[in-house]
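# An overview of the molecular structure
Take a look at the letters that make up each chain.
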Amino acid sequence: MKKIYSLLTASLVMLALAGCGAATPAAAPPTETSAPANTVTAATPTTSQAATPTQAAMGKKDKVRFSLDWTPNTNHTGIYVAMQKGWYAQQGLDVQILPYSDANTPDTLVGTGQADFGISFEESVVTDRVNNLPVKSVAAVLQTNTSALVALKSSGLDRPAKLEGKRYAGFGSTFEEPVVSTVLKADSAPTGKFENITTNLSGYQALVSKQADFMWVYLGWEGVQAKLSNVEINTFPIKDYGVPDYYTPVIIGNEHFLSDHGDVARRFLAATARGYEYGVTNPDDAADILVKAAPLGTFADASLPKASQEYLAPFYKGSQPHWGTQTLDYWTNFPKFIAATGLLKTSDGQAVKPEDIHYGDLFTNDYLPQSK
């Protein structure tokens with residue numbers, strides 16, 4: 001969760017600097033423990049244009065640059081499966097993975113045309129769009145929000161209302177406090193207030209060491225990690241306590257690229273969808289492919305990505321018949337929620353009201369294989 005919101009904060013800073021041509025600053029360093037994303041398939045971001053569809057007709061592969069939001073993990077499985085299975089090549093594509101960098105978020109790279117697609121999050125896309133960054137969500141990686149507030153079972157904090165006044169391991173995001181407060185109030189906490197603290201440990205280790213009483217985690221990663229470590233936790237899913245369900249993460253595309261290279265976009269998403277669908281039906285093998293394709297040392301223990309893949313497999317499609325499908329409801333309810341906090345602002349500090357957002361412009365299903 002820290003990574004998501006440090007990306008969001010960095011995007012806001014970069015948007016503010018874009019108009020005056022200032023150098024891009026580095027994002028706040030994420031605190032999760034992870035290996036460097038130096039994949040052999042990666043390429044240094046450039047400003048050169050992507051290949052046109054006519055190149056494929058001439059026997060040349062169209063280049064597609066894809067920006068990771070973090071080091072390889074089970075949110076990215078479909079990308080690595082499609083690459084290792086040769087499904088991008090079958091679509092006439094040469095997909096280059098741009099490794100995560102503190103200095104440039106996927107939103108910034110995609111928005112400025114230095115990447116064609118990337119991993120992002122619904123709250124980031126909303127912030128991008130209200131600041132006129134030309135990005136659009138083209139596919140939902142997961143059909144639901146799998147994050148939750150968690151506390152140690154031994155703490156006796158067995159319902160959100162009991163978290164009021166307790167120490168929360170915060171990460172300094174824009175929308176963090178209103179989301180957490182909403183969860184507490186939804187369970188009848190009188191004020192929804194809590195003590196937002198900073199810890200010197202990352203992930204759920206801050207909880208285990210009792211530096212904090214509760215925190216916000218992804219159940220598909222930290223939740224799985226806790227189970228593998230025999231750490232018993234109480235979980236309070238965000239979507240079950242007053243916060244509208246939303247897509248996290250999503251794949252974003254550059255609007256200009258989509259308009260000019262629609263055929264490339266459709267072929268890219270056709271292979272990508274195939275990769276994620278494979279993760280649904282073959283989670284163990286998909287996890288093995290991810291582990292082997294990732295840079296050496298990315299996963300200290302292969303049991304974590306395997307267990308995570310098993311956990312996430314049902315959520316890739318959810319109740320949808322096809323992977324990637326997005327609905328207007330999901331792209332309206334949560335953006336309205338964050339706008340209603342008064343904290344959604346343009347780069348010049350102007351608050352964005354719910355009625356100011358063009359919800360249908362935040363996403364498109366037009367390039368997914370099922371749209372044909």
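A few points on the structure. The model shown is predicted, which means the values in this text are computed figures rather than measured ones. (Residues numbered from 1 in each chain as written. Predicted model: local features only at pLDDT ≥ 70, side-chain atom pairs only at ≥ 80, totals over all residues. Heavy atoms only, no water.)

## Observations concerning the pattern of salt bridges
Within this structure, the stated rule accounts for eleven salt bridges. A salt bridge links R267 to D62, with the shortest nitrogen-to-oxygen separation between them at 2.6 Å. One end of the pair, R267, is in helix α11 (residues 262-281); the other, D62, is in strand β1 (residues 62-67), with 205 residues separating them in the sequence. Here D187 ties to R159 by a salt bridge, and the two come within 2.9 Å at their closest N and O atoms. Of the two residues, D187 sits in the loop between α7 (176-186) and β7 (195-197) while R159 sits in the loop between β5 (147-152) and β6 (167-169), which places them 28 residues apart along the sequence. (Salt bridge = Lys/Arg side-chain N within 4 Å of Asp/Glu carboxyl O. Helix = DSSP H or I, 4+ residues; strand = E, 2+ residues; numbered from the N terminus.)

## Remarks on the sheet that holds strand β9 (residues 233-237)
Taking strand neighbours across the sheet as the criterion, the three strands line up as β8-β5-β9 in an open arrangement whose pairing is antiparallel. Edge positions in the sheet fall to β8 (215-218) and β9, since each has one partner strand and no second. Here the average twist between neighbouring strands, direction ignored, is 40 degrees. Packed on one face of the sheet, helix α9 (residues 219-228) meets β5, β8 and β9 and runs near 105 degrees to β8. (Pairing = 2+ DSSP bridges. Axes fitted to C-alpha atoms, helices over the stretch in contact; angles between N-to-C directions. Contact = heavy atoms within 4.5 Å.)

## Section: unusual backbone geometry
A cis amide bond links T248 to the next residue, P249, at an omega of 5 degrees. Position of P249 among the secondary structure elements: in the loop between β9 and β10 (250-254). Although it is not a glycine, N132 adopts a positive phi angle of roughly 65 degrees. If you trace the backbone, N132 turns up in the loop between α6 (122-130) and β4 (135-140). Residue classification places N132 among the exposed residues on the basis of a relative accessible area of 70%. At K210, a residue that is not glycine, the phi angle is positive and equals roughly 65 degrees. Residue K210 is classed as exposed on the basis of its relative accessible area, which comes to 56%. (Buried < 20%, exposed > 50% of the residue type's maximum accessible area, 1.4 Å probe, protein only.)

## Comments concerning α7
Among all positions of α7, only E176, P178, V179, V180, S181, V183 and L184 are buried. As for α7, its buried residues are in contact with β5, β6, β7, β8 and α14 (330-340). Two residues or fewer after α7 comes S188, characterised by a positive phi angle close to 75 degrees.

## Quick word on the pairing of β1
Among the six residues that make up β1, five are buried, leaving the element largely enclosed by the rest of the structure. Taken together, the six bridges between β1 and strand β2 (residues 93-98) define a ladder with parallel strand orientation. From the neighbouring strand, D62 faces β2, where its bridge partner is L93. Of the strand pairs in this sheet, β1 and strand β3 (residues 117-120) are connected by two bridges, and their pairing is parallel. Bridge pairing in β3 places F66 opposite F117.

## Side note on the side chain of R267
You can call R267 buried: its relative accessible area is 11%. In terms of polar contacts, R267 uses its side chain to reach the side chain of D62, at 2.6 Å. (Polar contact = N/O pair within 3.5 Å; in protein donor to acceptor, adjacent residues only side chain to side chain.)

## Considering the packing of α6 against α14
Between α6 and α14, whose axes approach to 10 Å, the crossing angle comes to 75 degrees. What the angle tells us is that α6 and α14 run roughly perpendicular. In this structure, α6 uses E122, E123, V125 and V126 to contact α14, whose residues at the interface are Y330, W331, F334, P335 and I338. (Parallel < 35°, antiparallel > 145°, perpendicular 65-115°, else oblique.)

## So, the side chain of T74
Checked against the element boundaries, T74 lands in the loop between β1 and α3 (77-84). Of the polar contacts made by the side chain of T74, one reaches the side chain of S308; its length is 2.7 Å. Sequence-distant contacts of T74, that is, excluding residues within four places in its chain, are made with W221, L290, P305, S308, Q309, L312 and Y316.

In short, shape yes, function no, at least from these values alone.
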